[in-house]
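Residue-level listing of the chains:
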Amino acid sequence: MSEKVIVSKFGGSSMADLTAMKRSAQISADQKANIVVVSAVYGVTNLLIDASKAACSDTWENTLKVISQIEQKHYSILEEMKADTTVFEDVRSLLSEVRTLTQGMNLLKECSPRAYDSLLSLGERLSSTIFTQVCKEIFSGPEVKFFDIRTVMKTSDDFGKAIPNIALISKLSEKHLNDCKNGSVVYITQGFIGSTEDSMTTVLGRGGSDYSAALIAEGIKADILQIWTDVAGIATTDPRLVPEAKLLDEITYSEAAELATFGAKILHPTTLTPALRANVQVFVGSSYEPEKNGTWIKTKTESSPLIRAMAKRDDQIIMTLSTPKMLHSHGFLFEIFKVFNEHKISIDSITTSEISVALTLDDSNRLNKKLIDQLSSLCDVKIEENLTLVSLIGNEINHTPKLAQRIFQSIDDINVRMICLGASKHNFCFLVAKDQATECIKRLHREFIK
Ligand code: ADP
Ligand code: ASP
Ligand code: MG
(Lines give C-alpha, C1' and ligand atoms only; values in the text may rest on other atoms or scores of the structure.)
(Ligands and ions follow the chains in the order given, each with its own letter.)
Protein backbone atom coordinates (compact mmCIF):
# COMPACT_ATOMS: atom_id res chain seq x y z
CA MET A 1 0.00 0.00 0.00
CA SER A 2 1.36 3.42 -0.87
CA GLU A 3 2.13 5.83 1.98
CA LYS A 4 -0.13 8.80 2.65
CA VAL A 5 1.20 12.16 1.44
CA ILE A 6 1.59 14.47 4.44
CA VAL A 7 2.19 18.21 4.77
CA SER A 8 3.17 19.18 8.32
CA LYS A 9 3.13 22.76 9.55
CA PHE A 10 4.95 23.96 12.65
CA GLY A 11 4.09 27.34 14.17
CA GLY A 12 6.35 29.81 15.94
CA SER A 13 6.25 28.12 19.33
CA SER A 14 7.37 24.88 17.67
CA MET A 15 10.40 26.85 16.34
CA ALA A 16 11.08 28.69 19.61
CA ASP A 17 14.59 27.34 20.28
CA LEU A 18 16.82 24.41 19.40
CA THR A 19 14.94 21.99 21.69
CA ALA A 20 11.61 22.92 20.07
CA MET A 21 13.14 22.63 16.59
CA LYS A 22 14.59 19.18 17.35
CA ARG A 23 11.24 18.02 18.69
CA SER A 24 9.49 19.32 15.56
CA ALA A 25 12.08 17.66 13.31
CA GLN A 26 11.60 14.36 15.16
CA ILE A 27 7.82 14.57 14.73
CA SER A 28 8.28 15.29 11.01
CA ALA A 29 10.54 12.24 10.67
CA ASP A 30 8.25 9.96 12.73
CA GLN A 31 5.19 11.08 10.76
CA LYS A 32 7.03 10.62 7.45
CA ALA A 33 6.08 14.15 6.42
CA ASN A 34 6.68 14.86 2.74
CA ILE A 35 6.72 18.65 3.07
CA VAL A 36 7.34 20.59 6.27
CA VAL A 37 6.13 24.20 6.42
CA VAL A 38 7.48 26.42 9.19
CA SER A 39 6.73 29.78 10.76
CA ALA A 40 9.31 32.26 11.99
CA VAL A 41 11.06 31.61 15.32
CA TYR A 42 8.67 32.48 18.15
CA GLY A 43 8.31 36.27 18.52
CA VAL A 44 10.41 37.14 15.47
CA THR A 45 7.58 38.43 13.25
CA ASN A 46 6.57 40.81 16.05
CA LEU A 47 10.17 41.94 16.43
CA LEU A 48 10.46 42.56 12.68
CA ILE A 49 7.34 44.71 12.88
CA ASP A 50 8.82 46.55 15.87
CA ALA A 51 12.04 47.08 13.89
CA SER A 52 10.13 48.60 10.98
CA LYS A 53 8.23 50.90 13.35
CA ALA A 54 11.43 51.97 15.11
CA ALA A 55 13.14 52.53 11.76
CA CYS A 56 10.35 54.83 10.60
CA SER A 57 9.98 56.86 13.75
CA ASP A 58 13.07 56.49 15.90
CA THR A 59 16.86 56.72 15.78
CA TRP A 60 19.08 54.09 14.14
CA GLU A 61 20.52 53.26 17.59
CA ASN A 62 17.06 52.37 18.90
CA THR A 63 16.23 50.42 15.74
CA LEU A 64 19.46 48.48 16.23
CA LYS A 65 18.34 47.47 19.72
CA VAL A 66 15.38 45.63 18.19
CA ILE A 67 17.51 44.17 15.40
CA SER A 68 20.02 42.82 17.88
CA GLN A 69 17.24 40.88 19.63
CA ILE A 70 16.36 39.29 16.28
CA GLU A 71 20.03 38.47 15.66
CA GLN A 72 20.47 37.09 19.14
CA LYS A 73 17.53 34.68 18.82
CA HIS A 74 18.99 33.11 15.68
CA TYR A 75 22.67 33.12 16.63
CA SER A 76 21.94 31.49 19.98
CA ILE A 77 20.22 28.57 18.22
CA LEU A 78 23.15 28.21 15.80
CA GLU A 79 25.70 28.34 18.60
CA GLU A 80 23.87 25.68 20.59
CA MET A 81 23.61 23.36 17.59
CA LYS A 82 27.22 23.96 16.61
CA ALA A 83 26.05 24.51 13.06
CA ASP A 84 28.55 24.27 10.25
CA THR A 85 29.84 27.39 8.57
CA THR A 86 27.56 27.27 5.52
CA VAL A 87 24.43 27.58 7.67
CA PHE A 88 26.12 30.34 9.68
CA GLU A 89 26.88 32.18 6.45
CA ASP A 90 23.33 31.75 5.13
CA VAL A 91 21.88 33.07 8.39
CA ARG A 92 24.37 35.92 8.53
CA SER A 93 23.45 36.98 5.03
CA LEU A 94 19.69 36.91 5.81
CA LEU A 95 20.30 38.92 8.99
CA SER A 96 22.28 41.46 7.02
CA GLU A 97 19.18 41.84 4.79
CA VAL A 98 17.24 42.74 7.94
CA ARG A 99 19.78 45.51 8.60
CA THR A 100 19.86 46.75 5.02
CA LEU A 101 16.08 46.97 4.70
CA THR A 102 15.60 48.70 8.06
CA GLN A 103 18.48 51.05 7.35
CA GLY A 104 16.74 52.10 4.13
CA MET A 105 13.51 52.65 6.07
CA ASN A 106 15.39 54.64 8.70
CA LEU A 107 17.02 56.90 6.13
CA LEU A 108 13.71 57.62 4.42
CA LYS A 109 11.66 57.48 7.63
CA GLU A 110 9.22 55.51 5.55
CA CYS A 111 8.27 51.88 5.14
CA SER A 112 6.67 51.04 1.82
CA PRO A 113 4.31 48.04 1.70
CA ARG A 114 6.83 46.18 -0.48
CA ALA A 115 9.72 46.82 1.87
CA TYR A 116 7.54 45.79 4.83
CA ASP A 117 6.68 42.42 3.26
CA SER A 118 10.31 41.78 2.32
CA LEU A 119 11.34 42.52 5.90
CA LEU A 120 8.64 40.29 7.42
CA SER A 121 9.51 37.43 5.06
CA LEU A 122 12.94 37.21 6.66
CA GLY A 123 11.49 35.59 9.80
CA GLU A 124 10.38 32.49 7.90
CA ARG A 125 13.43 32.50 5.62
CA LEU A 126 15.68 32.46 8.68
CA SER A 127 13.80 29.79 10.65
CA SER A 128 13.50 27.47 7.63
CA THR A 129 17.23 27.81 6.90
CA ILE A 130 18.13 26.73 10.43
CA PHE A 131 15.38 24.11 10.65
CA THR A 132 16.58 22.45 7.42
CA GLN A 133 19.93 21.83 9.10
CA VAL A 134 18.23 20.46 12.24
CA CYS A 135 16.19 18.08 10.06
CA LYS A 136 19.30 16.94 8.18
CA GLU A 137 20.71 15.73 11.49
CA ILE A 138 17.50 13.93 12.49
CA PHE A 139 16.02 12.38 9.34
CA SER A 140 17.59 9.06 8.44
CA GLY A 141 15.68 8.06 5.28
CA PRO A 142 14.78 10.75 2.76
CA GLU A 143 17.08 13.50 1.58
CA VAL A 144 16.24 16.78 3.37
CA LYS A 145 16.10 19.78 1.02
CA PHE A 146 15.47 23.49 1.64
CA PHE A 147 12.83 24.91 -0.67
CA ASP A 148 12.07 28.59 -1.27
CA ILE A 149 8.27 28.61 -1.37
CA ARG A 150 8.23 31.91 -3.27
CA THR A 151 8.87 29.79 -6.37
CA VAL A 152 5.35 28.34 -6.12
CA MET A 153 3.35 30.55 -3.69
CA LYS A 154 2.28 33.09 -6.31
CA THR A 155 0.08 35.91 -5.05
CA SER A 156 -1.49 39.23 -5.90
CA ASP A 157 0.44 42.41 -5.11
CA ASP A 158 -1.79 43.27 -2.13
CA PHE A 159 1.25 43.62 0.10
CA GLY A 160 0.58 42.80 3.75
CA LYS A 161 -2.26 40.43 2.92
CA ALA A 162 -1.60 39.08 -0.53
CA ILE A 163 -4.17 36.87 -2.24
CA PRO A 164 -2.89 33.52 -3.48
CA ASN A 165 -3.31 32.58 -7.14
CA ILE A 166 -4.67 29.11 -6.52
CA ALA A 167 -4.49 27.74 -10.05
CA LEU A 168 -0.89 28.89 -10.49
CA ILE A 169 0.16 27.59 -7.07
CA SER A 170 -1.27 24.17 -7.87
CA LYS A 171 0.44 24.09 -11.26
CA LEU A 172 3.82 25.17 -9.84
CA SER A 173 3.55 22.85 -6.81
CA GLU A 174 3.06 19.93 -9.11
CA LYS A 175 6.06 21.02 -11.18
CA HIS A 176 8.48 21.73 -8.32
CA LEU A 177 7.35 19.67 -5.32
CA ASN A 178 5.83 16.48 -6.65
CA ASP A 179 9.01 14.43 -6.23
CA CYS A 180 8.51 14.50 -2.46
CA LYS A 181 5.61 12.11 -2.89
CA ASN A 182 7.69 8.97 -3.35
CA GLY A 183 9.40 9.52 0.00
CA SER A 184 12.94 9.96 -1.34
CA VAL A 185 13.05 13.68 -0.51
CA VAL A 186 11.46 15.87 2.15
CA TYR A 187 11.15 19.60 1.52
CA ILE A 188 11.50 22.12 4.34
CA THR A 189 9.86 25.38 3.41
CA GLN A 190 8.35 28.63 4.63
CA GLY A 191 4.79 29.47 5.60
CA PHE A 192 3.38 32.99 5.41
CA ILE A 193 5.45 34.22 2.45
CA GLY A 194 4.90 34.27 -1.28
CA SER A 195 5.75 36.35 -4.31
CA THR A 196 4.02 38.17 -7.12
CA GLU A 197 4.32 36.90 -10.67
CA ASP A 198 7.17 39.37 -11.17
CA SER A 199 8.88 37.96 -8.07
CA MET A 200 8.26 40.69 -5.51
CA THR A 201 8.09 39.15 -2.04
CA THR A 202 4.65 39.21 -0.36
CA VAL A 203 3.10 37.92 2.87
CA LEU A 204 -0.32 36.32 3.38
CA GLY A 205 -1.25 38.20 6.56
CA ARG A 206 -0.60 37.48 10.25
CA GLY A 207 -0.89 33.82 11.18
CA GLY A 208 -0.82 32.97 7.47
CA SER A 209 1.46 29.92 7.70
CA ASP A 210 -1.53 27.64 8.30
CA TYR A 211 -3.01 28.94 5.05
CA SER A 212 0.29 28.41 3.20
CA ALA A 213 0.46 24.81 4.38
CA ALA A 214 -3.13 24.18 3.26
CA LEU A 215 -2.42 25.68 -0.17
CA ILE A 216 0.67 23.51 -0.58
CA ALA A 217 -1.30 20.45 0.56
CA GLU A 218 -3.88 21.28 -2.09
CA GLY A 219 -1.16 21.92 -4.66
CA ILE A 220 0.51 18.54 -4.25
CA LYS A 221 -2.81 16.75 -3.64
CA ALA A 222 -1.73 15.62 -0.17
CA ASP A 223 -3.84 13.25 1.90
CA ILE A 224 -3.22 14.87 5.27
CA LEU A 225 -2.41 18.35 6.58
CA GLN A 226 -1.00 18.37 10.09
CA ILE A 227 -0.97 21.64 12.06
CA TRP A 228 1.47 21.25 14.96
CA THR A 229 1.21 23.97 17.59
CA ASP A 230 1.48 24.57 21.35
CA VAL A 231 -1.89 23.06 22.35
CA ALA A 232 -2.92 19.45 21.90
CA GLY A 233 -5.73 20.25 19.48
CA ILE A 234 -8.75 22.48 19.14
CA ALA A 235 -10.44 23.13 22.47
CA THR A 236 -13.93 24.29 23.44
CA THR A 237 -12.43 27.75 23.77
CA ASP A 238 -8.99 29.33 24.05
CA PRO A 239 -7.38 27.60 27.07
CA ARG A 240 -5.66 30.91 27.83
CA LEU A 241 -9.10 32.42 28.55
CA VAL A 242 -10.67 29.42 30.23
CA PRO A 243 -8.15 26.93 31.63
CA GLU A 244 -10.90 24.26 31.98
CA ALA A 245 -11.48 24.35 28.20
CA LYS A 246 -11.81 20.79 26.89
CA LEU A 247 -9.89 19.40 23.95
CA LEU A 248 -12.07 18.15 21.12
CA ASP A 249 -11.31 14.81 19.44
CA GLU A 250 -13.19 15.91 16.35
CA ILE A 251 -14.91 18.92 14.86
CA THR A 252 -16.53 19.50 11.47
CA TYR A 253 -14.98 21.68 8.78
CA SER A 254 -17.90 24.11 9.09
CA GLU A 255 -17.54 24.43 12.85
CA ALA A 256 -13.76 24.79 12.70
CA ALA A 257 -14.01 27.36 9.90
CA GLU A 258 -16.51 29.43 11.91
CA LEU A 259 -14.31 29.15 14.99
CA ALA A 260 -11.27 30.37 13.05
CA THR A 261 -13.19 33.17 11.34
CA PHE A 262 -14.61 34.37 14.62
CA GLY A 263 -11.26 34.70 16.30
CA ALA A 264 -9.80 31.38 17.49
CA LYS A 265 -6.11 31.90 16.82
CA ILE A 266 -5.49 28.17 16.62
CA LEU A 267 -6.18 28.23 12.85
CA HIS A 268 -5.88 30.99 10.28
CA PRO A 269 -9.44 31.59 9.00
CA THR A 270 -8.77 30.61 5.40
CA THR A 271 -6.90 27.37 6.16
CA LEU A 272 -9.83 25.05 5.67
CA THR A 273 -10.94 26.31 2.28
CA PRO A 274 -8.10 24.70 0.28
CA ALA A 275 -8.25 21.60 2.47
CA LEU A 276 -11.95 21.13 1.77
CA ARG A 277 -11.52 21.90 -1.92
CA ALA A 278 -8.84 19.26 -2.27
CA ASN A 279 -10.32 16.76 0.17
CA VAL A 280 -7.30 16.93 2.50
CA GLN A 281 -7.84 15.62 6.04
CA VAL A 282 -6.74 18.11 8.69
CA PHE A 283 -5.23 17.27 12.07
CA VAL A 284 -4.27 19.72 14.84
CA GLY A 285 -1.87 18.55 17.54
CA SER A 286 0.80 19.66 19.98
CA SER A 287 4.47 19.57 19.00
CA TYR A 288 5.21 19.58 22.74
CA GLU A 289 3.06 16.52 23.44
CA PRO A 290 2.70 14.73 20.08
CA GLU A 291 1.49 11.58 21.84
CA LYS A 292 -1.71 13.34 22.91
CA ASN A 293 -4.73 12.69 20.70
CA GLY A 294 -5.11 16.01 18.91
CA THR A 295 -8.18 17.02 16.92
CA TRP A 296 -9.30 15.72 13.53
CA ILE A 297 -11.34 18.06 11.39
CA LYS A 298 -13.94 16.00 9.54
CA THR A 299 -16.78 16.31 7.07
CA LYS A 300 -19.02 14.45 9.50
CA THR A 301 -18.52 13.88 13.22
CA GLU A 302 -20.10 11.31 15.52
CA SER A 303 -21.88 13.91 17.61
CA SER A 304 -23.28 17.32 16.61
CA PRO A 305 -23.69 19.22 19.86
CA LEU A 306 -25.77 22.39 19.97
CA ILE A 307 -22.72 24.32 21.19
CA ARG A 308 -19.33 22.82 20.36
CA ALA A 309 -17.03 25.75 21.09
CA MET A 310 -16.76 29.50 21.52
CA ALA A 311 -14.38 32.27 20.53
CA LYS A 312 -13.85 35.99 20.72
CA ARG A 313 -12.42 38.46 18.26
CA ASP A 314 -11.14 41.73 19.70
CA ASP A 315 -10.69 45.11 18.06
CA GLN A 316 -14.04 45.33 16.33
CA ILE A 317 -15.69 48.52 15.17
CA ILE A 318 -19.39 49.21 14.71
CA MET A 319 -20.08 51.70 11.98
CA THR A 320 -23.63 53.03 11.93
CA LEU A 321 -24.71 54.63 8.66
CA SER A 322 -27.97 56.55 8.70
CA THR A 323 -29.96 58.52 6.18
CA PRO A 324 -33.67 59.23 5.71
CA LYS A 325 -33.04 58.36 2.05
CA MET A 326 -33.09 54.71 3.11
CA LEU A 327 -36.78 54.90 3.96
CA HIS A 328 -38.80 52.79 1.49
CA SER A 329 -36.11 53.11 -1.15
CA HIS A 330 -33.64 50.76 -2.76
CA GLY A 331 -30.01 50.86 -3.78
CA PHE A 332 -28.59 52.39 -0.59
CA LEU A 333 -26.79 49.23 0.56
CA PHE A 334 -25.46 48.80 -2.95
CA GLU A 335 -23.97 52.31 -2.87
CA ILE A 336 -22.24 51.86 0.48
CA PHE A 337 -20.95 48.36 -0.30
CA LYS A 338 -19.42 49.79 -3.47
CA VAL A 339 -17.41 52.18 -1.28
CA PHE A 340 -16.19 49.37 1.00
CA ASN A 341 -15.33 47.30 -2.04
CA GLU A 342 -13.26 50.12 -3.49
CA HIS A 343 -11.25 50.24 -0.24
CA LYS A 344 -10.96 46.43 -0.09
CA ILE A 345 -12.57 46.36 3.34
CA SER A 346 -14.56 43.31 4.32
CA ILE A 347 -17.67 43.67 6.43
CA ASP A 348 -18.20 40.99 9.05
CA SER A 349 -21.75 41.44 10.32
CA ILE A 350 -24.64 43.66 9.41
CA THR A 351 -28.04 44.68 10.84
CA THR A 352 -30.48 47.18 9.40
CA SER A 353 -33.36 49.30 10.66
CA GLU A 354 -35.73 51.75 9.01
CA ILE A 355 -33.21 54.44 8.17
CA SER A 356 -29.88 53.03 9.30
CA VAL A 357 -27.55 50.14 8.88
CA ALA A 358 -24.93 48.97 11.39
CA LEU A 359 -21.85 47.12 10.18
CA THR A 360 -19.01 45.51 12.04
CA LEU A 361 -15.48 45.78 10.75
CA ASP A 362 -12.13 44.64 11.96
CA ASP A 363 -10.01 47.45 13.36
CA SER A 364 -7.06 46.20 11.28
CA ASN A 365 -8.78 47.74 8.23
CA ARG A 366 -7.37 51.09 9.33
CA LEU A 367 -10.28 53.32 8.34
CA ASN A 368 -8.95 56.18 6.27
CA LYS A 369 -10.22 59.71 5.73
CA LYS A 370 -11.12 59.08 2.10
CA LEU A 371 -13.41 56.18 3.06
CA ILE A 372 -15.14 58.22 5.77
CA ASP A 373 -15.52 61.19 3.41
CA GLN A 374 -17.04 59.01 0.69
CA LEU A 375 -19.49 57.43 3.14
CA SER A 376 -20.30 60.82 4.69
CA SER A 377 -21.35 62.09 1.28
CA LEU A 378 -24.02 59.36 1.27
CA CYS A 379 -25.17 59.34 4.92
CA ASP A 380 -24.35 60.13 8.56
CA VAL A 381 -21.46 58.04 9.84
CA LYS A 382 -20.99 57.03 13.49
CA ILE A 383 -18.13 54.89 14.71
CA GLU A 384 -17.82 52.93 17.97
CA GLU A 385 -14.53 51.26 18.81
CA ASN A 386 -13.08 48.88 21.41
CA LEU A 387 -15.64 46.18 20.91
CA THR A 388 -15.29 42.41 20.86
CA LEU A 389 -17.26 39.88 18.90
CA VAL A 390 -18.22 36.87 21.03
CA SER A 391 -19.29 33.76 19.09
CA LEU A 392 -20.87 30.46 19.97
CA ILE A 393 -20.19 27.74 17.42
CA GLY A 394 -22.29 24.63 17.04
CA ASN A 395 -25.20 23.12 15.17
CA GLU A 396 -28.83 23.98 14.49
CA ILE A 397 -28.23 27.21 16.36
CA ASN A 398 -30.86 29.06 14.36
CA HIS A 399 -33.48 26.35 14.95
CA THR A 400 -33.21 25.86 18.70
CA PRO A 401 -35.84 27.43 20.95
CA LYS A 402 -34.69 29.02 24.19
CA LEU A 403 -31.05 29.17 23.11
CA ALA A 404 -31.03 32.98 23.08
CA GLN A 405 -32.66 32.97 26.49
CA ARG A 406 -29.92 30.75 27.94
CA ILE A 407 -27.19 32.85 26.36
CA PHE A 408 -28.48 36.20 27.51
CA GLN A 409 -29.54 35.01 30.94
CA SER A 410 -25.98 33.96 31.69
CA ILE A 411 -24.68 37.44 30.78
CA ASP A 412 -27.73 39.45 31.90
CA ASP A 413 -25.70 42.27 33.46
CA ILE A 414 -23.53 42.82 30.36
CA ASN A 415 -24.64 45.23 27.65
CA VAL A 416 -24.91 43.58 24.26
CA ARG A 417 -24.31 46.07 21.48
CA MET A 418 -25.27 44.10 18.37
CA ILE A 419 -26.50 40.55 17.68
CA CYS A 420 -26.04 38.38 14.61
CA LEU A 421 -28.09 35.25 14.21
CA GLY A 422 -29.64 33.55 11.27
CA ALA A 423 -26.97 33.59 8.59
CA SER A 424 -25.53 30.25 9.65
CA LYS A 425 -26.83 27.33 11.63
CA HIS A 426 -23.34 27.04 13.09
CA ASN A 427 -22.94 30.47 14.64
CA PHE A 428 -24.49 32.91 17.08
CA CYS A 429 -22.47 36.04 17.71
CA PHE A 430 -22.81 39.39 19.42
CA LEU A 431 -20.70 42.40 20.29
CA VAL A 432 -19.81 43.57 23.77
CA ALA A 433 -17.32 46.04 25.20
CA LYS A 434 -13.79 44.63 24.91
CA ASP A 435 -13.21 44.62 28.68
CA GLN A 436 -16.28 42.43 29.27
CA ALA A 437 -15.64 39.83 26.58
CA THR A 438 -13.50 37.40 28.59
CA GLU A 439 -16.09 37.36 31.36
CA CYS A 440 -18.76 36.59 28.74
CA ILE A 441 -16.78 33.65 27.41
CA LYS A 442 -16.18 32.29 30.92
CA ARG A 443 -19.86 32.40 31.77
CA LEU A 444 -21.00 30.95 28.46
CA HIS A 445 -18.45 28.16 28.79
CA ARG A 446 -19.82 27.32 32.25
CA GLU A 447 -23.37 27.35 30.89
CA PHE A 448 -22.87 25.32 27.72
CA ILE A 449 -19.80 23.10 28.03
CA LYS A 450 -20.25 20.20 30.41
P1 ADP B 1 1.26 28.74 16.12
O2 ADP B 1 2.39 29.66 16.43
O3 ADP B 1 1.60 27.30 16.28
O4 ADP B 1 0.62 29.05 14.80
P5 ADP B 1 -0.85 30.17 17.47
O6 ADP B 1 -0.39 30.95 18.65
O7 ADP B 1 -1.11 30.89 16.20
O8 ADP B 1 0.18 28.99 17.25
O9 ADP B 1 -2.17 29.34 17.85
C10 ADP B 1 -2.19 28.52 19.00
C11 ADP B 1 -2.92 29.25 20.11
O12 ADP B 1 -4.29 29.40 19.75
C13 ADP B 1 -2.98 28.50 21.43
O14 ADP B 1 -1.83 28.72 22.21
C15 ADP B 1 -4.25 29.04 22.07
O16 ADP B 1 -3.98 30.02 23.05
C17 ADP B 1 -4.99 29.71 20.92
N18 ADP B 1 -6.37 29.27 20.79
C19 ADP B 1 -7.42 30.09 20.56
N20 ADP B 1 -8.57 29.43 20.52
C21 ADP B 1 -8.27 28.12 20.69
C22 ADP B 1 -9.05 26.94 20.74
N23 ADP B 1 -10.38 26.93 20.57
N24 ADP B 1 -8.40 25.77 20.96
C25 ADP B 1 -7.07 25.73 21.12
N26 ADP B 1 -6.28 26.84 21.10
C27 ADP B 1 -6.87 28.02 20.89
N1 ASP C 1 5.16 34.29 11.38
C2 ASP C 1 3.88 34.80 10.91
C3 ASP C 1 3.14 35.49 12.04
O4 ASP C 1 3.63 35.52 13.16
C5 ASP C 1 3.04 33.73 10.27
C6 ASP C 1 2.60 32.60 11.16
O7 ASP C 1 3.24 32.35 12.18
O8 ASP C 1 1.64 31.91 10.82
O9 ASP C 1 2.08 36.03 11.79
MG1 MG D 1 -0.81 30.52 14.16
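Structural data are supplied above this passage.
Thresholds, definitions, all that
- Residues numbered from 1 in each chain as written.
- Chains lettered and ligands numbered in written order.
- Predicted model: local features only at pLDDT ≥ 70, side-chain atom pairs only at ≥ 80, totals over all residues.
- Heavy atoms only, no water.
- Helix = DSSP H or I, 4+ residues; strand = E, 2+ residues; numbered from the N terminus.
- Rg over C-alpha atoms; globule rule 2.2 N^0.38 Å.
- Buried < 20%, exposed > 50% of the residue type's maximum accessible area, 1.4 Å probe, protein only.
- Contact = heavy atoms within 4.5 Å.
- Areas by Shrake-Rupley, 256 points an atom, 1.4 Å probe, with all protein chains shown as cover.
- Lys, Arg positive; Asp, Glu negative; His and termini not counted.
- Charge placed at Lys NZ, Arg CZ, Asp CG, Glu CD.
- Near = heavy atom within 4 Å.
- Polar contact = N/O pair within 3.5 Å; in protein donor to acceptor, adjacent residues only side chain to side chain.
- Nonpolar A, V, L, I, M, F, W, Y, C, P; charged D, E, K, R; others polar.
- Axes fitted to C-alpha atoms, helices over the stretch in contact; angles between N-to-C directions.
- Parallel < 35°, antiparallel > 145°, perpendicular 65-115°, else oblique.

### Some details on the overall build of the protein
Helix and strand counts for the protein come out as 13 helices and 16 strands. Relative to its length of 450 residues, the protein is compact, with a C-alpha radius of gyration of 23 Å against a globular reference of 22 Å. Across its three principal axes, the protein shows a C-alpha extent of roughly 70 × 55 × 40 Å. Counting the 450 residues in the protein, one finds 52% classified as buried. In the protein, of all internal contacts separated by at least 6 residues, the share reaching a separation of at least 24 is 77%. For the protein, the exposed area adds up to about 20,700 Å²; of that, 51% sits on carbon and sulfur atoms. When the 50 basic and 56 acidic side-chain charges of the protein are each reduced to a single mean position, those positions are 1 Å apart.

### Some points on the site of ligand 1
Neighbouring ligand 1 are 17 residues, the closest being Thr-229, Asp-230, Ala-235, Asp-238 and Arg-240. At 2.8 Å from an oxygen atom of ligand 1 is found a side-chain nitrogen or oxygen belonging to Asp-238. Between ligand 1 and Lys-265, the relevant distance is 2.9 Å, taken from an oxygen atom to a side-chain nitrogen or oxygen of the residue. Its free accessible area being 580 Å², ligand 1 has 90% of it covered by the protein chains. Classifying every residue of the shell around ligand 1 gives 6 nonpolar, 6 polar and 5 charged.

### Some details on the packing of helix H3 (residues 60-81) against helix H5 (residues 113-138)
For the pair H3 and H5, interaxial distance at closest approach is 11 Å and the crossing angle is 10°. In terms of orientation, H3 and H5 fall into the roughly parallel class. Where H3 approaches H5, its residues His-74, Ile-77, Leu-78 and Met-81 are matched on the opposing element by Leu-126, Ile-130, Gln-133 and Val-134.

### As for the site of ligand 2
With respect to spatial proximity, the complete set of residues near ligand 2 consists of Ser-39, Ala-40, Thr-45, Glu-124, Phe-192, Arg-206, Gly-207, Gly-208 and Ser-209. In this structure, Thr-45 approaches ligand 2 through a side-chain N or O atom, which is 2.8 Å from a nitrogen atom. Glu-124 places a polar side-chain atom, nitrogen or oxygen, 2.6 Å from a nitrogen atom of ligand 2. For ligand 2, the accessible surface in isolation is 270 Å², of which the surrounding protein chains cover 85%. Residues that form the shell around ligand 2 fall into these classes: 2 nonpolar, 5 polar and 2 charged.

Just distances and angles here, no functional claims.
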